[in-house]
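# Per-entry structural report
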Amino acid sequence: MEHKLADLSNRPLRDLRISVTDRCNFRCRYCMPAEIFGPDFQFLPQESILTYEETVRLARIFVSLGVRKLRITGGEPLLRKGLPSFIRELDRLEGVEDIALTTNGVLLRKYAKELYDAGLKRVSVSLDSLDDRRFRLMNGDRSGVQPVLDGIAAAAEAGLKVKINMVVQKEVNEQDILPMAAYFRDKKLTLRFIEFMDVGNTNGWKLDKVVTKKRILEIIQGWAPVEPLDAHYSGEVAARYRYKGSDEEIGIISSVSDAFCSTCTRARISAEGKLYTCLFASRGHDLRELLRSDRTDTEIGRFIEAVWMARSDRYSEERASSHSSHSPKIEMSHIGG
Ligand code: SAM
Ligand code: SF4
Ligand code: SF4
């Protein structure tokens, strides 16, 4: 039977994004700028991070409330040991239709096959430039491009469906839009452009640094004509386009210029077990405490239900209309995008 849980805007709970670590081997300026996430930065101590057992239990409860898709993220999720067996456990949960992973790709060459064998179906690999110098500038000088391309190749060879995510920032990597489009069209992999977002409090976001969906489309259309495609399902975050006369696609995630809150069915849990009902939330709901008390699954389920039923988040739709500053937001590296 379909679960009828819905929030205040009648949005069901369908997707769960699980952050398995707040640590990362990159220092992307738009996410974890090195001057803030430096050598002295206090990451979560091990004991505050949910164990895989606790996370699988939570996932089971979320699935009983209607969740069908899981996405593993971070920080950099491949830094967490034992990820393939965790994915195998998630894959065993009845009702889960899809498990995906978001990664910066550098460790994919090592783990792609194991992840696929464990039941992972899809990976999104983040890559912002094919130019080594610019890529290094963007990721805090942590990696050149080649290890990521190797990871992408290994994932495709292992049988995973691969998509590439590129965050576009004005005066930073706008010039990489066409080289990236040409390269991944040639590889027959879908590239998705993501508008630079004001996540967290430390990435120096300004509206005039955003390259809008409209502008990205103009750039692409000036090079190779594309036509819009229907969404695969309601709530798909990327608007899809196909290069005319081919099967190759691109996507654009326009969270700033054309928000999609009205169809947002995503919940997020941070590595320490806080539930967030929006990427831009300032406050999470502590599930770890419930897990580590003697509450039953039904009781924890009721708590989550109550949080979801009270949900009114639509930050991106309100962004344009609000001029005042918002309360501090959760950092992206905590909840993984
Ligand atoms: N470390 C993994 C990675 O980079 O793919 C997973 C976590 S990362 C926070 C998830 C996604 O969020 C990445 O695709 C990243 O590019 C994107 N992201 C991070 N900060 C962003 C921002 N300020 N605006 C738009 N996307 C952002
Ligand atoms: Fe790490 Fe991903 Fe954030 Fe970059 S975007 S710093 S790879 S978590
Ligand atoms: Fe969903 Fe919040 Fe993003 Fe809107 S701003 S799409 S409610 S996560």
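Rules used throughout
- Residues numbered from 1 in each chain as written.
- Chains lettered and ligands numbered in written order.
- Predicted model: local features only at pLDDT ≥ 70, side-chain atom pairs only at ≥ 80, totals over all residues.
- Heavy atoms only, no water.
- Helix = DSSP H or I, 4+ residues; strand = E, 2+ residues; numbered from the N terminus.
- Rg over C-alpha atoms; globule rule 2.2 N^0.38 Å.
- Buried < 20%, exposed > 50% of the residue type's maximum accessible area, 1.4 Å probe, protein only.
- Contact = heavy atoms within 4.5 Å.
- Areas by Shrake-Rupley, 256 points an atom, 1.4 Å probe, with all protein chains shown as cover.
- Lys, Arg positive; Asp, Glu negative; His and termini not counted.
- Charge placed at Lys NZ, Arg CZ, Asp CG, Glu CD.
- Near = heavy atom within 4 Å.
- Nonpolar A, V, L, I, M, F, W, Y, C, P; charged D, E, K, R; others polar.
- Core = buried A, V, L, I, M, F, W, Y, C linked by side-chain atoms within 4.5 Å.
- Pairing = 2+ DSSP bridges.
- UniProt positions renumbered as here; feature names shortened; annotations may be inferred.
- Axes fitted to C-alpha atoms, helices over the stretch in contact; angles between N-to-C directions.
- Parallel < 35°, antiparallel > 145°, perpendicular 65-115°, else oblique.
- Left-handed = near helix turned anticlockwise from the far one by under 90°.
- Polar contact = N/O pair within 3.5 Å; in protein donor to acceptor, adjacent residues only side chain to side chain.

### Side note on the overall build of the protein chain
- Counting its regular elements, the protein chain contains 11 helices and 12 strands.
- For the protein chain, the C-alpha radius of gyration of 19 Å lies close to 20 Å, the compact-globule estimate for 337 residues.
- For the protein chain, the C-alpha atoms occupy an extent of roughly 60 × 45 × 45 Å along the three principal directions.
- Counting all 337 residues of the protein chain, 55% fall into the buried class.
- For the protein chain, restricting intrachain contacts to residue pairs at least 6 apart in sequence, the fraction spanning at least 24 positions comes to 72%.
- For the protein chain, the computed accessible surface area is about 15700 Å², with 49% contributed by carbon and sulfur atoms.
- Looking at the protein chain, you have 52 positive and 49 negative side-chain charges, and the mean spots of the two groups are 1 Å apart.

### Considerations on the site of ligand 2
- Ligand 2 sits among Cys 24, Phe 26, Cys 28, Tyr 30, Cys 31, Met 32, Gly 75 and Asn 104.
- Partitioned by chemical class, the residues of the shell around ligand 2 number 6 nonpolar, 2 polar and no charged.

### Here we look at the environment of Ala 112
- Along the polypeptide, Ala 112 turns up in helix H3 (residues 108-118).
- Taking the C-alpha atoms as reference points, Ala 112 and Gly 151, 39 residues apart in sequence, are found 7.7 Å from one another.
- In this view, Ala 112 contacts Ala 154, Ala 155, Ala 158 and Leu 160; residues no more than four positions away in its chain are not counted.

### Structural notes on the nonpolar core
- With 104 residues, the main nonpolar core has Phe 62, Ile 72, Leu 83, Leu 127, Ile 152, Ile 164 and Phe 193 as its most contacted residues.
- The greatest single-element share of this core, amounting to 7 residues, is contributed by helix H1 (residues 52-64).
- Setting aside its immediate chain neighbours within four residues, Phe 193 contacts Met 166, Val 168, Ile 177, Ala 181, Ile 216, Ile 220, Ile 250, Gly 251, Ile 252 and Ile 253.

### Here we look at the sheet that holds strand E9 (residues 249-253)
- Taken in spatial order, the 12 strands make up an open sheet running E7-E8-E9-E6-E5-E4-E3-E2-E1-E10-E11-E12, and their pairing is mixed. The open sheet is flanked by strand E7 (226-228) and strand E12 (285-286), the only strands paired with a single partner.

### Some words on the UniProt feature "domain: Radical SAM core" (unreviewed entry) in the protein chain
- In the numbering adopted here, UniProt assigns the feature "domain: Radical SAM core" (unreviewed entry) to residues 8-227.
- Within residues 8-227, the helical portion is 33% and the strand portion 17%, while the C-alpha atoms at the span's ends are 35 Å from each other.

### With respect to the UniProt feature "binding site: GTP" (unreviewed entry) in the protein chain
- On the UniProt side, "binding site: GTP" (unreviewed entry) is annotated at positions that read Arg 17, Arg 71, Thr 102, Lys 163, Arg 266, Ala 267 and Arg 268 here.
- Turning to its location among the elements, Lys 163 is positioned in strand E5 (residues 161-168).
- Here Lys 163 is in contact with Arg 122, Val 123, Ser 124, Val 125, Thr 190 and Arg 192, once residues within four sequence places are set aside.
- Tracing the sequence through the fold places Ala 267 in strand E10 (residues 266-269).
- The contact partners of Ala 267, leaving out residues within four places of it in the chain, are Leu 13, Asp 15, Leu 16, Arg 17, Phe 62, Leu 275, Tyr 276 and Trp 308.

### Re the pairing of E9
- Here E9 lies mainly inside the structure; 5 of its 5 residues are buried.
- Judged from the 4 bridges that link them, strand E6 (residues 190-195) and E9 form a sheet pairing that is parallel. Each bridged residue has a counterpart across the sheet, and for Leu 191 the counterpart in E9 is Ile 250.
- As defined by bridge partners, strand E8 (residues 239-243) adjoins E9 across 4 bridges and the pair is classed as antiparallel. Pairing of Arg 242 across the sheet is with Glu 249, part of E9.
- Linking E8 back to E9 in an antiparallel pair, the connection comprises 5 residues, with Gly 245 at a positive phi of about 75°.

### With respect to the side chain of Ser 254
- In this structure, Ser 254 sits in the loop between E9 and E10.
- Ignoring anything within four residues of it in the chain, the contact list for Ser 254 reads Glu 195, Lys 213, Ala 259 and Phe 260.

### Points about the packing of H1 against helix H2 (residues 83-91)
- Contact geometry for H1 and H2: axes closest at 10 Å, N-to-C directions at 25°. In this view, H1 runs roughly parallel relative to H2, as classed from their interaxial angle. For the pair H1 and H2, the sense of crossing is right-handed. Taken together, the residues of H2 that come into contact with H1 (itself represented by Tyr 52, Thr 55, Val 56 and Ala 59) are Leu 83, Phe 86, Glu 89 and Leu 90.
- Along the lines of polarity and charge, the residues of the contact of H1 with H2 split into 6 nonpolar, 1 polar and 1 charged.

### Section: the site of ligand 1
- Around ligand 1, a shell composed of 20 residues is seen, among which Tyr 30, Gly 75, Thr 103, Ser 126 and Met 197 lie nearest.
- Between ligand 1 and Thr 103, the relevant distance is 3.2 Å, taken from an oxygen atom to a main-chain nitrogen or oxygen of the residue.
- For ligand 1, a nitrogen atom lies 3.2 Å from a polar atom in the side chain of Asn 203.
- For ligand 1, whose free accessible area comes to 540 Å², the fraction covered by protein is 94%.
- Taken together, the residues that form the shell around ligand 1 break down as 8 nonpolar, 10 polar and 2 charged.

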